[in-house]
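What follows is each chain in one-letter form.
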Amino acid sequence: MATRSRLGLVARRLAGAIPSIIGVVVVTFVLTRALPGDPAAYFAGAAADAESIEAVRHQLGLDRSLPEQFVGYVVALAQGDLGTSVSSGRPVTIELAERLPASIELTGLGLLFALMVAIPLGVLAATRPNSWVDHLCRVVVTAGVSLPTFFSGLFLVYVFYYLLGWAPSPLGRLDFIYLPPPQVTGFYTVDALLAGDTETFFAALRQLVLPALTLGLFALAPIARMTRGSMIQVLSGDFVRTARAMGLRRRTVLITYALRNALLPVITTLGMVFSFLLGSNVLVEKVFSWPGVGSWAIEGLIASDYAAVQGFVLTMAMLFIAVNLAIDVLYTLIDPRLGMDG
Amino acid sequence: MTSTFARHLVYVLRDNPVTVVAFGLFLVLVVLGLFGPLLAPYDPLATQAALALQPPNASHWFGTDHLGRDVLSRVIVAARLDLLISVCAVTLSFALGSSLGAVAGFYGGIADRVIGRVADTIMAFPLFVLAMGIVAALGNTVENIVYATAIINLPFYARVARAEVAIRRQAGFVDAARLAGNGELRLLALHIFPNTLPPMMVQVSLNMGWAILNAAGLSFIGLGVRPPTPEWGIMVAEGATYIISGEWWLALFPGAALMLAVFCFNLLGDGLRDLIDPRKRT
Amino acid sequence: MAAALLAVDRLSVSFRTRSGVVKALEEVSFAVGRGEMVGLVGESGSGKSVSAYAVMGIQDPAARITGGTMHYSGVDLTAASERDLQDLRGCEMSMIFQSPRTALNPIRTIGRQIADVLLRHSGATTRTARDKAVEALAQVRITDPARRYGAYPFELSGGMCQRVMIAMALACDPQLLILDEPTTGLDVTTQAAIMDLVQELCRARNMGALLITHDLHMAADYCDRLVVMHAGHVVESAAVATLLSNPRHPYTAGLIAATPAPDRGLEAITSIPGSLPDLRGTLPPCRYRQRCTRALPACDLPGLAMTELDTGHLVKCRNPL
Ligand SMILES: Nc1ncnc2c1ncn2[C@@H]1O[C@H](COP(=O)(O)OP(=O)(O)O)[C@@H](O)[C@H]1O
Ligand SMILES: [Mg+2]
């Protein structure tokens, strides 16, 4: 009974993402085709002559009406065709696919780090109001949202690379003395482990630490803030009082009773956190010369490589929608109260 | 009424000295923005190859950059541009976002749904990435940085305004004004909207910091502002190359200025919230 | 009183708040014996819950016990460590609360919540805990307990949730049960059903119970003795019949007069003038002084204490009725 309505709810969530997807497709189309200026000239790149611009115009169907163009755009998208990058002459889809694992590995590790620090910090701050942990939490929360990621990244490089010499040079995913592991997932750390090459694994991990830390520091603030607030609210709740009145151990009360409930609103804010992360990722990739989609998009922006930027924006938006969807579904599966009402 | 507010103000400020610090910082920023070029000890654009990459010293407090320009002067002069970009962006998105949100909250129905859909669509993008796409589409100029930053902040204002207006639509004082013969639009503009301003101001202040960060981030990756114009984001970008060789002052000072500015607006926002909504404390 | 299961003696509790120290309890004494149900009555804010929380050791972090003792079966609760108190709670003494729907964890099945208590105290294994929890649900007459085991609180009615709370509180066979307004928020027929159930279970197990309520009727129906509280003081305590027929403290009399009764018309109801005093700062010896119509100059003298006017009938008043 409950399971079926739960499945229905998941299906509804999936369906709910459709308007967002349509919106994203329309916006990217509008951004590239319907604005003042000559899109053909944009797509052909800065160095194109009149003839190649005409060729591009025809190839993109820019000589047709807007609705026709839109249909063509959607059809191409459905086939995974995001056009061709003028700087490399290669399909945008392939270029993106090559670089996406680097970005996901970085963002994922950054988020993991943020969660591992922010949740305990928020819990400790909530259980010990006005203690030093609480003050630390408050400082971290305010400083975290005020720190420009590119600045904190450079700061970490200065301290851990230049001053202390602990970190490797902030140039890419792997020091040049190592060869990338044979590609399976595209994540160097995972691939190195799969190949049983621990040395390369640690080399890849060393390169990851500082950029992931930079991203994590940024994502930490909203998660810690939410955990603390939510935890304080839950701890003053009636059912925590009941758990204490039943003599349950402090650990059980804090973790099984309070934290599980407190994490529900935290999960919903993860969507917003991810939006920030995907944006900051671009900046961090530039600081650390990380060969992901972000730094590629920056190159595209500077070189007026239009298809590249458009493909990047679209991919990031789709990724973001997918993440939000996953969060929604997760929430639906965790909270039993959903699935009953409305 | 005013005296209780004043007492509350004193209470909040005494209770939260950080807000006082933030307010002081805010005044400094305003002064720098208004009189920056007069206060700068050197010409921010004057290059002096012989003095390149000097660490902070008595004559150049923040050191000099790779072209021998005085970093302190550049940091000071940059305040105006950075603040101008974000003030313009926030003003734009406040004006547009709050009007749209107010209309959505007041009339409901189709208007609400369309405006809500637009806001949702913007929010469906990672916001900084959308800003990159907008600048790419509109062209790589400072004005377009302003537009892009304004657009990505629009949904926040629209949502706050919508919620605040929707709560007040049926409030007693609105009914009274309606009975007194005020037209609907007049009701919205003169009676409801002004009441939503306090919570909107909190949003503005919190949003300023985030707008500054976004604009600086865009110029950090090479959009909008062009060298040699002094701007904090681009100065950090230029200084980034020198971090690896230990010339930290190029990036540190503009970065710190940026951070302090953002910090200041965030603290002000928190302070304002305490001031406006005393329930959130205690 | 040596045989008392729970003996609270001159307990004082205060809260440190931003706006000063709140003297929530001052020299509060009462006792609960085995097989006895004692009612703790008084208007809202008089300190009933604070007393109960202090006994259970689950008071707010801002609370400080500033004096007095509490003994459970001879164990000094004020001196016991948090660990020892934890072992007692839910096992030797249990408590149920008002608004049962929020008093249960919303995202954990009710069966698991009962099993948590069993696992904690009764040495049950994960497997036996389940059976025991189902058994506990059956004891409070929940139909089809095995299926209800997997229900979430939001799937049950308020009355049903209160039954679950009772099952949880009694799962480990405690000797003492504290009920803090257990029927507030439930409809009248459910109220009676819940109270009948509690009474029956307490009698069957020869438990001591402390029933906290502002409903004098309910207290009269189920309790053996009543303790009347006002503004953090116990003002009177006696056997139910004595207290209702012959109240000696003006506040108790006022409380009785303010309670609608079947044999009196509504017009006969009189409310007590004034409201509870502010519990911050210095307070007069008698906290009812400002509201009292029988006040004497002597009422301002220090040294007001509980006096036994009859056997088992204690009053804190210089000018009793
Ligand atoms: N956490 C607290 N902080 C400060 N004062 C409190 C707190 N809890 C209770 N009090 C004080 O104790 C008094 C008694 O409260 P309580 O025991 O809840 O009353 P009731 O008899 O209605 O259960 C209240 O009037 C209040 O002033
Ligand atoms: Mg109470």
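Criteria and cut-off values
- Residues numbered from 1 in each chain as written.
- Chains lettered and ligands numbered in written order.
- Predicted model: local features only at pLDDT ≥ 70, side-chain atom pairs only at ≥ 80, totals over all residues.
- Heavy atoms only, no water.
- Axes fitted to C-alpha atoms, helices over the stretch in contact; angles between N-to-C directions.
- Helix = DSSP H or I, 4+ residues; strand = E, 2+ residues; numbered from the N terminus.
- Parallel < 35°, antiparallel > 145°, perpendicular 65-115°, else oblique.
- Left-handed = near helix turned anticlockwise from the far one by under 90°.
- Nonpolar A, V, L, I, M, F, W, Y, C, P; charged D, E, K, R; others polar.
- Core = buried A, V, L, I, M, F, W, Y, C linked by side-chain atoms within 4.5 Å.
- Buried < 20%, exposed > 50% of the residue type's maximum accessible area, 1.4 Å probe, protein only.
- Lys, Arg positive; Asp, Glu negative; His and termini not counted.
- Salt bridge = Lys/Arg side-chain N within 4 Å of Asp/Glu carboxyl O.
- Contact = heavy atoms within 4.5 Å.
- Pairing = 2+ DSSP bridges.
- pLDDT = per-residue confidence, 0-100.
- Phe/Tyr/Trp six-rings, centres within 6.5 Å; stacked < 30°, edge-to-face > 60°.
- Lys NZ or Arg CZ within 6 Å of the ring centre and 35° of its normal.
- Patch = residues over 30% accessible without salt bridge, like charges linked within 9 Å, V, L, I, M, F, W, Y side chains within 5 Å.
- Areas by Shrake-Rupley, 256 points an atom, 1.4 Å probe, with all protein chains shown as cover.
- Near = heavy atom within 4 Å.
- Polar contact = N/O pair within 3.5 Å; in protein donor to acceptor, adjacent residues only side chain to side chain.

Let's talk about the packing of helix H9 (residues 198-235) of chain A against helix H11 (residues 250-287) of chain A
Residues and elements named next belong to chain A.
Phase 1 of the analysis: Two numbers describe how H9 lies on H11: the axes approach to 8 Å, and their chain directions differ by 150 degrees. For the element pair H9 / H11, the angle class is roughly antiparallel. Note on packing geometry: the crossing formed by H9 with H11 is right-handed.
Phase 2 of the analysis: The residue makeup of the contact of H9 with H11, split by class, is 21 nonpolar, 7 polar and no charged.

Concerning the environment of A:Ala262
Phase 1 of the analysis: Relative to the elements of secondary structure, A:Ala262 occurs in helix H11.
Phase 2 of the analysis: For the pair A:Ala262 and A:Met231, spaced 31 residues apart in the sequence, the C-alpha separation amounts to 5.1 Å.

Observations concerning the nonpolar core
Phase 1 of the analysis: Formed by 266 residues in total, the largest nonpolar core has its most connected members in B:Ile221 and C:Ile114.
Phase 2 of the analysis: At 18 residues, the largest contribution of residues to this core is made by H11(A).
Phase 3 of the analysis: One finds B:Ala102, B:Ala171, B:Val174 and B:Leu187 within the second-largest nonpolar core, a separate group that totals 9 residues.

Regarding the side chain of C:Lys316
Residue and element names in this part refer to chain C.
Phase 1 of the analysis: Along the chain, Lys-316 falls in the segment after strand E12 (313-315).
Phase 2 of the analysis: The side chain of Lys-316 sits in the buried core without any salt bridge; Glu-27 is the nearest counter-charge, 5.2 Å away.
Phase 3 of the analysis: Every residue in contact with Lys-316, bar those within four places of it in the chain, is listed here: Glu-26, Glu-27, His-233, Val-234, Val-235, His-249, Leu-304, Ala-305 and Met-306.

Details of the sheet that holds strand E11 (residues 307-310) of chain C
Residue and element names in this part refer to chain C.
Phase 1 of the analysis: Read across the open sheet, the 8 strands follow the order E6-E7-E8-E3-E9-E10-E12-E11; overall the sheet is mixed. One side of each edge strand has no neighbouring strand; the edge strands of this open sheet are strand E6 (93-96) and E11. When strand polarity is set aside, the average angle formed by the axes of neighbouring strands in this sheet is 20 degrees.
Phase 2 of the analysis: Here strand E7 (residues 176-180) pairs with strand E8 (residues 208-213) via 5 bridges, running parallel. In the strand pairing of E8, Leu-179 is matched with Leu-211.
Phase 3 of the analysis: Where helix H7 (residues 158-170) meets the sheet, it contacts E6 and E7, and its direction lies at approximately 170 degrees from that of E6.

As for the confidence of the model for chain B
All names here are of chain B.
Phase 1 of the analysis: Taken as a whole, chain B shows an average pLDDT of 84; of its residues, 95% reach a score of 70 or greater.
Phase 2 of the analysis: When mean pLDDT is compared element by element in chain B, helix H4 (residues 109-123) scores highest at 91, while helix H1 (residues 2-15) scores lowest at 69.
Phase 3 of the analysis: Scored by ipTM, the complex comes to 0.91, with pTM at 0.85.

Examining unusual backbone geometry
Phase 1 of the analysis: Look at the link from B:Pro227 to B:Pro228: it is a cis peptide, with omega at 10 degrees.
Phase 2 of the analysis: Summarising the element assignment, B:Pro228 is placed in the loop between helix H8 (184-220) and helix H9 (232-243).
Phase 3 of the analysis: Here the phi dihedral of C:Asn206 falls at roughly 55 degrees; this positive angle occurs in a residue that is not glycine.
Phase 4 of the analysis: By the element assignment, C:Asn206 lies in the loop between helix H8 (188-205) and E8.

Some words on the packing of aromatic side chains
Phase 1 of the analysis: Taken as a whole and assessed by the stated rule, the structure comprises 18 aromatic pairs over all chains.
Phase 2 of the analysis: Centre to centre, the rings of B:Trp248 and B:Phe253 are 5.9 Å apart; their planes meet at 50 degrees, and the pair counts as tilted.
Phase 3 of the analysis: An aromatic cluster of at least three residues, connected via ring pairs, comprises B:Phe62, B:Trp248, B:Trp249 and B:Phe253.
Phase 4 of the analysis: Residue placement shows A:Lys286 over the ring face of B:Phe220; its charged tip is 5.6 Å from the ring centre.
Phase 5 of the analysis: Its end group placed over the ring of C:Tyr149, C:Arg130 keeps NZ or CZ at 4.1 Å from the ring centre.

Some remarks on a nonpolar patch on the surface
All names here are of chain B.
Phase 1 of the analysis: Taken together, the side chains of Val-30, Val-31, Leu-34, Phe-35, Leu-38 and Leu-39 make up a nonpolar region of the molecular surface, amounting to roughly 560 Å² of accessible area.
Phase 2 of the analysis: Secondary-structure assignment places Phe-35 in helix H2 (residues 17-39).
Phase 3 of the analysis: A relative accessible area of 41% places Phe-35 in the partly exposed class.

A short note on the site of ligand 1
Residues and elements named next belong to chain C.
Phase 1 of the analysis: Contacts to ligand 1 come from 13 residues, most closely from Gly-45, Gly-47, Lys-48, Ser-49 and Val-50.
Phase 2 of the analysis: Taking Ser-49, its side chain carries an N or O atom lying 2.7 Å from an oxygen atom of ligand 1.
Phase 3 of the analysis: Look at ligand 1: alone it shows 550 Å² of surface, and the protein chains cover 68% of it.
Phase 4 of the analysis: At the level of elements, strand E1 (6-17), strand E2 (20-32) and helix H1 (48-56) are the ones that each hand at least two residues to the shell around ligand 1.
Phase 5 of the analysis: At 3 residues, the largest contribution of residues to the shell around ligand 1 is made by H1.
Phase 6 of the analysis: By residue class, the composition of the shell around ligand 1 is 4 nonpolar, 6 polar and 3 charged.

Digging into the pattern of salt bridges
Phase 1 of the analysis: The final tally for this structure, using the stated rule, is 27 salt bridges over all chains.
Phase 2 of the analysis: One salt bridge in this structure joins C:Glu36 and C:Arg225, with 2.8 Å as the shortest N-O distance. Of the two residues, C:Glu36 is situated in the loop between E2 and strand E3 (37-41) and C:Arg225 in strand E9 (residues 225-230); the sequence distance between them amounts to 189 residues.
Phase 3 of the analysis: When its relative accessible area of 17% is taken as the criterion, C:Glu36 is described as buried.
Phase 4 of the analysis: In this structure C:Arg225 comes out as buried when scored by relative accessible area, which is 17%.
Phase 5 of the analysis: Counted as one network, the salt bridges with shared partners bring together A:Arg90, A:Glu95, A:Glu98 and A:Arg99.

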